[in-house]
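A look at the structure
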Amino acid sequence: MIEWIISILLLIGGSFVLVGSIGLVKMPDFFMRLHGPTKATTLGMALLLTASMIFFSSTQAGFSAKEILISLFLLLTAPISGYMMIKAAIHHKLDSIDRTKGIDNIEDDV
Amino acid sequence: MRSQMRLEAKFRWLPTPLRSLLLFIVWLLLNNSVSPGHIVLAVILAIVIPLATSPFRTKQPLILKPGLAFRHLMLVLYDIITANVQVAILILGPNKKLTPGFVKVPLDLTHDMPITILASTVSLTPGTVSAEVYPWRECLTEGKEPEERFLLIHVLNLEDEQALIKTIKQRYEAPLKEIFQC
């Protein structure tokens, strides 16, 4: 029974990470590429880590809680790395695709 | 009486109670044990580290409504899950249907900490990544509050700009204002 739960969690988690990576390849410009890794991947990783937690709690003595910490750190760092990258992209004036709306909302550097 | 935004904790020897609690829990989780020795060590670390690092920290608003903060956290976690599914569908769909856009959201929040939390929640929730906070930090004069702040966000599929701004303000910013009373 537990093996089933772990396998299902691994599969769903793996497919979310895969979708995030597909987004990274498939999207037309840098700004849109960022959306995959910052979101789809966080939930995927959370599911994979839950699977790992269940596996180690059931096979070894005691409850394995390190995975909660890893998920927390991921949730904290994903938006920050995304922010750093998009800031760098704006600073370098990377091209965005033509139909991007509200491009004038970007203010010039000081 | 309406409570005011506070920058300092009530107790001198425990400048950041929540951070101490977090350190305590993280230490126990890292060691994966609740033996008495580790609990004593965790208590010592939880008290000493905030005291030792407090001179380096800039004062940030404290969480004044812990209950509301917890409810907001649950809402955000729920939104992260739905956001993931939505973005997955958008990514797998045809690229031609997506109209990305930059949107400027006016902010009512004032301090770095609440703005950082808002920017991070925006990055983790449906189809939006926060990009920049205006005005630029370099343009600010020391000790003077800017008249208006904006959060620049990039939206994966922009349909209704006003509705999006309204959602962000009501769903994520209003609870933060309430939690920090700023």
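The rules behind these values
- Residues numbered from 1 in each chain as written.
- Chains lettered and ligands numbered in written order.
- Predicted model: local features only at pLDDT ≥ 70, side-chain atom pairs only at ≥ 80, totals over all residues.
- Pairing = 2+ DSSP bridges.
- Helix = DSSP H or I, 4+ residues; strand = E, 2+ residues; numbered from the N terminus.
- Axes fitted to C-alpha atoms, helices over the stretch in contact; angles between N-to-C directions.
- Contact = placed C-beta atoms within 7 Å.
- Nonpolar A, V, L, I, M, F, W, Y, C, P; charged D, E, K, R; others polar.
- Parallel < 35°, antiparallel > 145°, perpendicular 65-115°, else oblique.
- Left-handed = near helix turned anticlockwise from the far one by under 90°.

Right, let's get into the sheet that holds strand β1 (residues 101-107) of chain B. One open sheet holds the three strands; their spatial order is β1-β3-β2 (chain B), and the pairing between them is antiparallel. The strands lining the two open edges of the sheet, one partner per strand, are β1 and β2 (128-134) of chain B. Looking at each pair of strands side by side, their axes are set apart by 30° on average, direction ignored. Relative to strand β3 (residues 149-155) of chain B, β1 of chain B runs antiparallel, the two being bridged by seven bridges. Opposite V105 of chain B, over in β3 of chain B, you have L151 of chain B as the bridge partner. Helix α4 (residues 66-91) of chain A contacts β2 and β3 of chain B of the sheet and is inclined by roughly 65° relative to β2 of chain B.

Accessible area lost upon the coming together of the parts is a frequently used measure of interface size. Facing 36 residues of chain B, the contacting portion of chain A comprises 40 residues. Of all the secondary structure elements, the ones that give two or more residues to the side of chain B that touches chain A are α1 (17-31), α3 (66-92), β1, α4 (112-124), β2 and β3 of chain B. For the side of chain B that touches chain A, the leading source of residues is α3 of chain B, giving eight residues. Of the residues assigned to the side of chain B that touches chain A, the class counts are 23 nonpolar, ten polar and three charged.

Following both chains from N to C, one finds α4 of chain A and α1 of chain B inclined at 125°, their axes separated by 8 Å at the closest point. Considered as vectors, α4 of chain A and α1 of chain B are oriented oblique to each other. Of α1 of chain B, the residues touching α4 of chain A (which contributes K66, I68 and L69 of chain A) are V26, L29 and L30 of chain B. Broken down by class, the residue content of the contact of α4 of chain A with α1 of chain B amounts to five nonpolar, no polar and one charged.

Turning next to the environment of R171 of chain B. Within the secondary structure layout, R171 of chain B lies in helix α5 (residues 161-180). Here the alpha-carbon distance between R171 of chain B and D79 of chain B, two residues 92 residues apart in the chain, equals 10 Å.

Before going further, it helps to spend a moment on the packing of α4 of chain B against α5 of chain B. Residues and elements named next belong to chain B. Packing of α4 against α5 brings their axes to within 10 Å, and their N-to-C directions diverge by 150°. If you check the angle between α4 and α5, you find them roughly antiparallel. Relative to α5, the crossing made by α4 is right-handed. In this structure, α4 uses P114, I117, L118, T121 and V122 to contact α5, whose residues at the interface are I168, Y172, E173, L176 and F180. By residue class, the composition of the contact of α4 with α5 is eight nonpolar, one polar and one charged.

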